[in-house]
Amino acid sequence: MKKVYGVIGDPIEHSLSPVMHNAAFEHMGLDAIYLAFRVVEHEVGDAIRGAKSLGIAGLNVTIPLKERVLEFVDADDVAARIGAVNTIDFSTRTGTGTGTPSGYNTDGIGALAVLKEHTGELRGKEVLILGAGGAARAIAFYLDAEGARLTIANRNEERAARLASYLHNATPIGLNAELLKRHIRDADILINTTPVGMYPHEDDTLVNAELMHPELVVFDIVYNPMETKLMKEAKKAGVHTIIGGVKMLVYQGAASLRIWTGMEPPIGVMEEAVIRALSSRTRTRTRTRNS
Ligand code: NAP
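Residues numbered from 1 in each chain as written. Predicted model: local features only at pLDDT ≥ 70, side-chain atom pairs only at ≥ 80, totals over all residues. Heavy atoms only, no water.

## Observations concerning the packing of aromatic side chains
Enumeration according to the criterion identifies 4 aromatic pairs in this entry. Residues tyrosine 5 and tryptophan 260 carry aromatic rings whose centres are separated by 4.9 Å and whose planes lie at 40° to one another, so their mutual orientation is tilted. Of this pair, tyrosine 5 sits in strand β1 (residues 3–9) while tryptophan 260 sits in helix α9 (residues 246–261), placing them 255 residues apart in sequence. Overall, the relative accessible area of 4% leaves tryptophan 260 in the buried class. Judged by centre distance (6.3 Å) and plane angle (50°), the ring pair of tyrosine 34 and tryptophan 260 falls under tilted. With tyrosine 34 in strand β2 (residues 32–38) and tryptophan 260 in helix α9, the pair connects residues that are 226 residues apart, well separated along the chain. By way of ring pairs, the aromatic residues Tyr5, Phe25, Tyr34 and Trp260 are connected into one cluster. (Phe/Tyr/Trp six-rings, centres within 6.5 Å; stacked < 30°, edge-to-face > 60°. Helix = DSSP H or I, 4+ residues; strand = E, 2+ residues; numbered from the N terminus. Buried < 20%, exposed > 50% of the residue type's maximum accessible area, 1.4 Å probe, protein only.)

Shown next, in the form of structure tokens:
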């Protein structure tokens, strides 16, 4: 029987996960389909119980449900520490035997894989993270475990301080221009985990070219648009290593697929599917603007 997977969140209609996972299933020769389900926050428990009853094999979880689903799954240690789940497995293959679905967080795995590909060893690296939300927590957890030295800059300073307090080697700061200037000067890696610069606010950035130096690695986890304003500013500053959010999206999706199927996912096929979908959306937007 065809296996059904999906993503739950609200809003969900712009999710790229169906395109990415369906391309992977086809390439892997799996009789499976991946769908997007809009689930409002107060119905998340019903949705998970319903998915289990319907025999859905696995779910991804996105904004604003990643924290809410924790009480309905058996979260593994990493997801429990991060306080957010983005992957649910309903199979008994990975289950705890209690009948409760298993919960994981693959966001940090995705980001770490991308960074390692570009920077190698992370131990001792000075990393400035913009934001202290769900994605920041997942990424910070993995970088901290790798021995990186973190600075967490967030608009809500209390939230930055709370995140830093869970980590071994992290300093919280506010999103203040002077502080950012000083910390970016000393940083090896700058990661934007805020939605600033995301469509439809493509002209926004928290950091401009004047604050960057060519040796800084700039990683924006926003993937829509594929080249954000922050990345354009990095280019202007002569930064050698500039990374966008598509690779992280693909790597976190691939990590979910490994959990669900135990198989090695076709990374290249998934990346191509995402880039094709994003390029088509950009063309449609440009046509609409010009008409
Ligand atoms: P979240 O939990 O809502 O956290 C958002 C963070 O951004 C918070 O720290 C918030 O600060 C900060 N922020 C929001 N608007 C801001 C503004 N105008 N100025 C300054 N800071 C602002 O969201 P999330 O789940 O971490 O996701 C954040 C972004 O990452 C989204 O764009 C999402 O699409 C992207 N993402 C990408 C991937 C990928 O695979 N590439 C994976 C996950 C997420 P306060 O605490 O002060 O509110």
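## A closer look at the domain arrangement of the protein chain
According to the domain assignment, the protein chain consists of domain 1 (3–105 + 253–290) and domain 2 (108–244). Taking the mean C-alpha position of each, domain 1 and domain 2 sit 25 Å from one another. With 14 residues of domain 1 at the interface, the matching set in domain 2 holds 13 residues. Roughly 1300 Å² of surface becomes buried between domain 1 and domain 2 when both sides are summed, with 57% attributable to carbon and sulfur atoms. Considering only the surface of domain 1 that becomes buried against domain 2, Arg81, Ile82 and Arg285 emerge as the three largest contributors, covering 42% of it. Summed over the shared surface of domain 1 and domain 2, the result is 1 salt bridge. Between arginine 137 and glutamate 67 there is a salt bridge whose closest N-O contact spans 2.9 Å. For the pair domain 1 and domain 2, the interface holds 3 residue pairs in polar contact (both at pLDDT 80 or more). The biggest single contributor to the side of domain 1 that touches domain 2 is helix α10 (residues 267–290), with 5 residues. For the side of domain 1 that touches domain 2, the per-class residue count stands at 7 nonpolar, 3 polar and 4 charged. (Domains from an automatic or database assignment. Contact = heavy atoms within 4.5 Å. Buried area = accessible area lost by both parts, 1.4 Å probe. Salt bridge = Lys/Arg side-chain N within 4 Å of Asp/Glu carboxyl O. Polar contact = N/O pair within 3.5 Å; in protein donor to acceptor, adjacent residues only side chain to side chain. Nonpolar A, V, L, I, M, F, W, Y, C, P; charged D, E, K, R; others polar.)

## What about the sheet that holds strand β6 (residues 102–104)?
Pairing is mixed across the open sheet formed by 6 strands, whose spatial order is β2-β1-β3-β5-β6-β4. Among the strands making up the open sheet, the edge pair consists of β2 and β4 (74–75). Here β1 runs beside strand β3 (residues 58–61); their pairing, made up of 4 bridges, is parallel. Each bridged residue has a counterpart across the sheet, and for tyrosine 5 the counterpart in β3 is glycine 58. On top of the sheet, helix α1 (residues 17–28) reaches β1, β2 and β3; it is set at about 170° to β2, its chief contact. Of the strands in this sheet, β1, β2, β3, β5 (87–89) and β6 touch α9, which is tilted by about 10° from β5. (Pairing = 2+ DSSP bridges. Axes fitted to C-alpha atoms, helices over the stretch in contact; angles between N-to-C directions.)

## Here's the deal with the pairing of strand β10 (residues 189–192)
Neither face of β10 is left uncovered, since the one carrying Ile189 and Ile191 and the one carrying Leu190 and Asn192 both have all their residues buried. Bridging between strand β7 (residues 126–130) and β10 involves 4 bridges; their strand directions are parallel. Along β10, the bridge assignment pairs valine 127 with isoleucine 189. Relative to strand β11 (residues 217–220), β10 runs parallel, the two being bridged by 4 bridges. Each residue of the ladder has a partner; that of asparagine 192, found in β11, is aspartate 220.

## Details of the pattern of salt bridges
What the rule picks out here adds up to 16 salt bridges. The closest approach of N and O atoms between aspartate 107 and lysine 66, which form a salt bridge, is 2.8 Å. Pair noted here: aspartate 107 is in helix α4 (residues 107–119) and lysine 66 is in the loop between β3 and β4, with a separation of 41 residues, a long-range link. Residues aspartate 107 and lysine 66 agree in their burial class; the two are buried. Each of Glu117, Lys247 and Glu271 takes part in a single network of salt bridges with overlapping partners.

## Topic: the sheet that holds strand β8 (residues 149–154)
If you trace the 6 strands from one edge of the open sheet to the other, you get β9-β8-β7-β10-β11-β12, paired in parallel fashion. Each edge of the open sheet is held by one strand with a lone partner, namely β9 (170–174) and β12 (241–243). Put simply, the sheet's adjacent strands are angled 15° from each other on average, direction ignored. Sheet topology note: the β11/β12 ladder contains 3 bridges and is parallel. Each residue of the ladder has a partner; that of valine 217, found in β12, is threonine 241. Of the strands in this sheet, β7, β8 and β10 touch helix α5 (residues 134–145), which is tilted by about 170° from β7. Packed onto the sheet, helix α6 (residues 157–165) meets β8 and β9 and runs at close to 180° relative to β9.

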